[in-house]
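Take a look at the letters that make up each chain.
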Amino acid sequence: MRDWGLSWGGWLDNRRGEWWLLGQLVLIALDIALPAWPLQWSSLQGLMVVGVVVLIAGLVLAAVAFVQLGSSLTPLPEPMPNAELKAQGLYGFCRHPLYLAVLVCALGMALIKGGVLHPLLLLGLVGLLRGKAKREEQALLRYYPDYSAYQQRVPAFFPGF
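Residues numbered from 1 in each chain as written. Predicted model: local features only at pLDDT ≥ 70, side-chain atom pairs only at ≥ 80, totals over all residues. Heavy atoms only, no water.

1. Concerning the packing of aromatic side chains
All told, the structure shown has three aromatic pairs when counted by the stated rule. With a centroid separation of 6.5 Å and 35° between ring planes, the pair formed by tyrosine 99 and phenylalanine 157 is classed as tilted. Within this pair, whereas tyrosine 99 is found in helix 4 (residues 97-113), its partner phenylalanine 157 is found in the segment after helix 6 (147-153), the two being separated by 58 residues in sequence. By relative accessible area, which is 2% here, phenylalanine 157 ends up buried. (Phe/Tyr/Trp six-rings, centres within 6.5 Å; stacked < 30°, edge-to-face > 60°. Helix = DSSP H or I, 4+ residues; strand = E, 2+ residues; numbered from the N terminus. Buried < 20%, exposed > 50% of the residue type's maximum accessible area, 1.4 Å probe, protein only.)

Dropping the structure here:
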């Protein structure tokens with residue numbers, strides 16, 4: 001397994017942003033495991049189909065972003081030492097395509113499962129990933145002199161957000 005900078009000490013003191021990752025994993029696990037509450041979309045089968053399409057699109061987006069990030073990949077908001085700044089491909093469209101992929105998948109789950117719980121989990125992920133992205137970008141500004149210019153020309157998730 002590749003070294004992503006995870007350590008027991010980091011889980012205890014959050015030195016590389018491990019607590020952001022933990023929060024993200026908890027919300028994703030809840031989104032997958034929890035049933036719809038309180039309503040089901042039983043009369044809205046079309047939304048379930050749209051949800052499956054959105055979920056698949058999110059998974060494809062994640063796979064492409066994962067491959068394009070290559071050896072620079074880490075689940076933590078602190079960049080890997082000597083990692084190359086990616087600004088092409090999906091990273092030329094948005095600065096955080098993996099976070100966007102998580103949000104697209106969560107939207108798909110909300111459409112598939114229905115109710116009010118899963119849209120609330122999606123909103124929780126929006127807030128958490130915005131915070132994680134801010135932490136990440138503070139570190140990226142320290143590591144890469146060109147990052148500020150990249151921030152100015154490429155949106156974090158999508159234009160206007």
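2. Observations regarding helix 3 (residues 45-69)
With 25 residues, helix 3 should cover 36 Å at 1.5 Å per step; its first-to-last C-alpha distance of 36 Å lies within 8% of that length. Remark: glycine 70 follows helix 3 within two positions and exhibits a positive phi of approximately 55°. (Expected span 1.5 Å × (residues − 1).)

3. Points about a nonpolar patch on the surface
A cluster of nonpolar side chains, Trp37, Val116, Leu120 and Leu123, forms an exposed patch at the surface whose accessible area comes to about 440 Å². As for its position among the elements, valine 116 is in the loop between helix 4 and helix 5 (117-143). Under the relative-accessibility criterion, valine 116 is labelled partly exposed at 39%. (Patch = residues over 30% accessible without salt bridge, like charges linked within 9 Å, V, L, I, M, F, W, Y side chains within 5 Å. Areas by Shrake-Rupley, 256 points an atom, 1.4 Å probe, with all protein chains shown as cover. Salt bridge = Lys/Arg side-chain N within 4 Å of Asp/Glu carboxyl O.)

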